Structure formats: structure tokens, C-alpha cells
Amino acid sequence: MKIEISDLTFKCIIGILDFERIKKQKVIIDLSFEYNFSKDNFINYAEISALIEKTMKKEKFLLLEDAILHLESLLNNNYKITNLNIKISKPTILKNCIVSLTN
């Protein structure tokens, strides 16, 4: 089975610029992964979404790269998943585009 979570949106502290360390900014996270489903083995996507948001708000990452590496480790260590893809977007950091990073 493949779970896809799209447009998980919230505000958090992320970035290296002075104003990014003070004011929360909007981030959008998209992710997908695969796992072996059975009636005894399923993954609660609401739990995954909440874990990602909680982690991003708590850690206040400097770099998107650090955030992705941390989330990769967190998810891979807590769930039996494969083919994890994560995309973090900062839609308001620049006036004329959306900046994103993907693993």
C-alpha cells in the first residue's frame, strides 16, 4: 500500500534568516511512503501528520535539509515503511515563487 499526505499546512519557525527565527512562517509538507498492509498491520495517517507537525514546531530547524533528514530518520525508525518521499515548501519566503526541497 502507498500512503500520500498532501498539503499538510501549518506555521513554524524554520530558516536561517533573522526574521525567520522570530516569526513563524507557513510551510507545506507533502510526503508518501509504502508499507505492507495487513489487518494486523496498518499505519494511521492522522498519527503521521500530527507527528510531523509536532516535530517541525518543536525542533525549529535552521535548514530545510536538516528538517527532511530528521523527518526521514524519525519515520523510518518508528514505522516499517519504504520509498519515503518528503517535500517541504515555504510558500511565502519569496514574493514571486514557492521554494521547496525534496529528498
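Predicted model only: the values in this text are computed from it and were never measured. (Residues numbered from 1 in each chain as written. Predicted model: local features only at pLDDT ≥ 70, side-chain atom pairs only at ≥ 80, totals over all residues. Heavy atoms only, no water.)

In space, the four strands of this open sheet follow the order 1-2-3-4, with antiparallel pairing throughout. Unpaired on one side and paired on the other, strand 1 (2–12) and strand 4 (97–102) mark the two borders of the sheet. On average, adjacent strands in this sheet sit at an angle of 20° to one another, irrespective of strand direction. Sheet analysis places strand 3 (residues 82–94) next to strand 4, joined by five bridges and oriented antiparallel. Each residue of the ladder has a partner; that of isoleucine 88, found in strand 4, is leucine 101. Here helix 1 (residues 45–59) sits on the sheet in contact with strand 1, strand 2 (25–34) and strand 3, set at roughly 35° to strand 1. (Pairing = 2+ DSSP bridges. Helix = DSSP H or I, 4+ residues; strand = E, 2+ residues; numbered from the N terminus. Axes fitted to C-alpha atoms, helices over the stretch in contact; angles between N-to-C directions. Contact = heavy atoms within 4.5 Å.)

Right, let's get into unusual backbone geometry. Even without being glycine, lysine 60 reaches a positive phi, approximately 50°. Within the secondary structure, lysine 60 is located in the loop between helix 1 and helix 2 (64–78). Among the residues examined, lysine 60 registers a relative accessible area of 44% and is labelled partly exposed. Of note, the phi angle at asparagine 83 is positive, near 50°, even though the residue is not glycine. Its location among the elements puts asparagine 83 in strand 3. (Buried < 20%, exposed > 50% of the residue type's maximum accessible area, 1.4 Å probe, protein only.)

This brings us to the packing of aromatic side chains. Under the definition given, this model contains one aromatic pair. With a centroid separation of 6.5 Å and an interplanar angle of 50°, the aromatic rings of phenylalanine 33 and tyrosine 35 are classed as tilted. One exposure class covers both phenylalanine 33 and tyrosine 35, and it is buried. (Phe/Tyr/Trp six-rings, centres within 6.5 Å; stacked < 30°, edge-to-face > 60°.)

As a further point, take a nonpolar patch on the surface. Among the surface-exposed residues, Ile16, Leu17, Phe19, Leu62 and Leu63 lie close enough to one another that they form a single nonpolar patch of about 480 Å² accessible area. Within the element layout of this structure, isoleucine 16 appears in the loop between strand 1 and strand 2. (Patch = residues over 30% accessible without salt bridge, like charges linked within 9 Å, V, L, I, M, F, W, Y side chains within 5 Å. Areas by Shrake-Rupley, 256 points an atom, 1.4 Å probe, with all protein chains shown as cover. Salt bridge = Lys/Arg side-chain N within 4 Å of Asp/Glu carboxyl O.)

Moving on: helix 1. Its 15 residues place the ends of helix 1 21 Å apart at the C-alpha level, agreeing with the 21 Å of an ideal helix rising 1.5 Å per residue. By the burial criterion, the buried members of helix 1 are Ile48, Ser49, Ile52, Thr55 and Met56. Buried positions in helix 1, seen along its axis, are confined to an arc of 135° and lie on one side of it. Pointing more than 90 degrees away from the buried face of helix 1 are the exposed residues Lys54 and Lys58. At its buried positions, helix 1 is contacted by strand 1, strand 2, helix 2 and strand 3. Sitting at the amino-terminal end of helix 1 is asparagine 44, which places a side-chain oxygen 2.9 Å from the backbone nitrogen of alanine 46. Two residues or fewer after helix 1 comes lysine 60, characterised by a positive phi angle close to 50°. (Expected span 1.5 Å × (residues − 1). Arc of directions from axis to C-beta. Polar contact = N/O pair within 3.5 Å; in protein donor to acceptor, adjacent residues only side chain to side chain.)

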